[in-house]
Amino acid sequence: MIGNSYYWRKLHSLLGVIPLGGFILVHVSINFQAFERGPEGFANYVHFINSLPLKPLLEIFGIYLPILFHGIYGLYMAYQSDLNSGQYTYGRNWAFTLQRITGVLTFIFVFWHFFNTRLQVYLGNITHEDLGSTMHQIAINPVLFIIYVIGVLSAAFHFSNGLWAFLISWGITISSRSQKFVLISLLFFISLVAFTGDEFAIGLDHRTNYRS
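The sections below set out a description of the structure shown in this document. (Residues numbered from 1 in each chain as written. Predicted model: local features only at pLDDT ≥ 70, side-chain atom pairs only at ≥ 80, totals over all residues. Heavy atoms only, no water.)

Some thoughts on the overall build of the protein chain
The number of helices and strands found in the protein chain is 9 helices and 0 strands. For the protein chain, the N- to C-terminal ordering of α and β elements is α-α-α-α-α-α-α-α-α. Across the protein chain, every contact between residues at least 6 apart in sequence was considered, and the portion connecting residues at least 24 apart equals 75%. (Helix = DSSP H or I, 4+ residues; strand = E, 2+ residues; numbered from the N terminus. Contact = heavy atoms within 4.5 Å.)

Have a look at this one:
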């Protein structure tokens, strides 16, 4: 891994944008339905996503394996990095440091979110129809709400700054990371606020005592 670190880093960078970047954008668009169309719109969008053909294969090879590689190798890069190297200008050095910190926070947050939602569906504790009410239970808990806000902000910054670095390192273009960060953060935040509405409390599967 050390001898071919250039190629591993390129793969790590690529998987951070394709397909994980697409997954983030799809995820925020699904959650935004909670704000724009309420519980019914959110449920319809979730049903549409879960009715896609070959969905298990898409999840395994398009989401889970790329996330594992990007996250684990990202943790290795963070461990190997000298956050006080001072090799960049002040602004870029802070961006480099925050990219590593938010990467660790995002990796932990994604697995915690997966445990509370998707894994519970796989285990049969809840159904896809219960995801709205599950998120409602999370959103109305002040501690969990703050954790989600921190996780969302970390993920939004990590993706936006990572996309900016990706476009430069791959020789494509230079784009504004701040605009992407604000937009993605805002969409996730208003979606999270929408889940606090009482209309999402209806429908939690009564077959389980699962608590988020």
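Points about the packing of helix 1 (residues 5-17) against helix 2 (residues 20-36)
At a closest axis distance of 3 Å, the pairing of helix 1 and helix 2 adopts a crossing angle of 20 degrees. As summarised for this structure, helix 1 and helix 2 are arranged roughly parallel, according to the angle between their axes. From helix 1, L15, G16 and V17 reach across to helix 2, where they touch L20, G21 and G22. A class-by-class count of the residues in the contact of helix 1 with helix 2 yields 3 nonpolar, 3 polar and no charged. (Axes fitted to C-alpha atoms, helices over the stretch in contact; angles between N-to-C directions. Parallel < 35°, antiparallel > 145°, perpendicular 65-115°, else oblique. Nonpolar A, V, L, I, M, F, W, Y, C, P; charged D, E, K, R; others polar.)

Focus: helix 1
If you check helix 1, its first and last C-alpha atoms are 19 Å apart, about what 13 residues at 1.5 Å a residue would give, namely 18 Å. Along helix 1, the residues classified as buried are K10, H12, S13, L15, G16 and V17. (Expected span 1.5 Å × (residues − 1). Buried < 20%, exposed > 50% of the residue type's maximum accessible area, 1.4 Å probe, protein only.)

Overview of the packing of helix 1 against helix 4 (residues 55-80)
Two elements in contact, helix 1 and helix 4, have axes separated by 9 Å at closest approach and are oriented at 130 degrees. Between helix 1 and helix 4, the angle falls in the class oblique. Here helix 1 runs over helix 4; the crossing is left-handed. Each of S5, W8, R9, L11, H12, L15 and G16 in helix 1 lies in contact with helix 4, whose residues at this interface are P66, F69, H70, Y73, G74 and M77. Of the residues that constitute the contact of helix 1 with helix 4, the class distribution is 7 nonpolar, 5 polar and 1 charged. (Left-handed = near helix turned anticlockwise from the far one by under 90°.)

Comments concerning the packing of aromatic side chains
If you walk through the whole model with that rule in mind, you get 16 aromatic pairs. An aromatic cluster of three or more residues is present, and its members are W8, F69, Y73 and Y76. (Phe/Tyr/Trp six-rings, centres within 6.5 Å; stacked < 30°, edge-to-face > 60°.)

Considerations on the side chain of H12
When you line up the elements, H12 lands in helix 1. Judged by relative accessible area, H12 falls into the buried class, the value being 11%. For H12, the contacting residues outside a window of four places in its chain are F69, H70, Y73, G74 and M77.

Let's talk about unusual backbone geometry
We note that L54 has phi near 60 degrees; this positive angle belongs to a residue other than glycine. Here L54 lies in the loop between helix 3 (38-50) and helix 4.

Focus: the nonpolar core
Among the nonpolar cores identified, the biggest contains 29 residues, and F42, L192 and F195 are the most heavily contacted of them. Broken down by secondary-structure element, the contributors of at least two residues to this core are helix 2, helix 3, helix 7 (131-139), helix 8 (142-169) and helix 9 (177-194). In terms of residue count, helix 8 provides more of this core than any other element does, 10 residues in total. Discounting chain neighbours no more than four positions away, the residues touching L192 are M135, A139, F145, Y148 and V149. (Core = buried A, V, L, I, M, F, W, Y, C linked by side-chain atoms within 4.5 Å.)

Some remarks on helix 4
Taking 1.5 Å of rise per residue, the 26 residues of helix 4 would be expected to cover 38 Å, and the 36 Å separating its terminal C-alpha atoms lies within 8% of that figure. At Y64, helix 4 is deflected by roughly 25 degrees, the largest bend along its length, and proline P66 occurs up to four residues later in sequence. Here helix 4 has its buried residues at K55, E59, I63, P66, I67, H70, G71, Y73, G74, M77 and A78. (Bend = angle between axes of the 7 residues up to and from the residue.)

Quick look at a nonpolar patch on the surface
A grouping of F48, L52, L54, L57, L58, I60, F61, L65, L68, I72, V110 and F111 is seen on the molecular surface, where their side chains present a nonpolar patch of about 1,100 Å² in accessible area. The greatest single-element share of the nonpolar patch, amounting to 7 residues, is contributed by helix 4. Classification of L52 by relative accessible area gives partly exposed; the value is 33%. (Patch = residues over 30% accessible without salt bridge, like charges linked within 9 Å, V, L, I, M, F, W, Y side chains within 5 Å. Areas by Shrake-Rupley, 256 points an atom, 1.4 Å probe, with all protein chains shown as cover. Salt bridge = Lys/Arg side-chain N within 4 Å of Asp/Glu carboxyl O.)

Brief notes about the pattern of salt bridges
Considering all chains together, one arrives at 2 salt bridges under this definition. The salt bridge partner of E59 is R118, with a shortest N-O separation of 2.4 Å. Placement of the pair is E59 in helix 4 and R118 in helix 6 (residues 118-122), with a sequence separation of 59 residues. Residue E59 is classed as buried on the basis of its relative accessible area of 10%. Among the ionic contacts, a cluster of salt bridges with common partners joins K55, E59 and R118.

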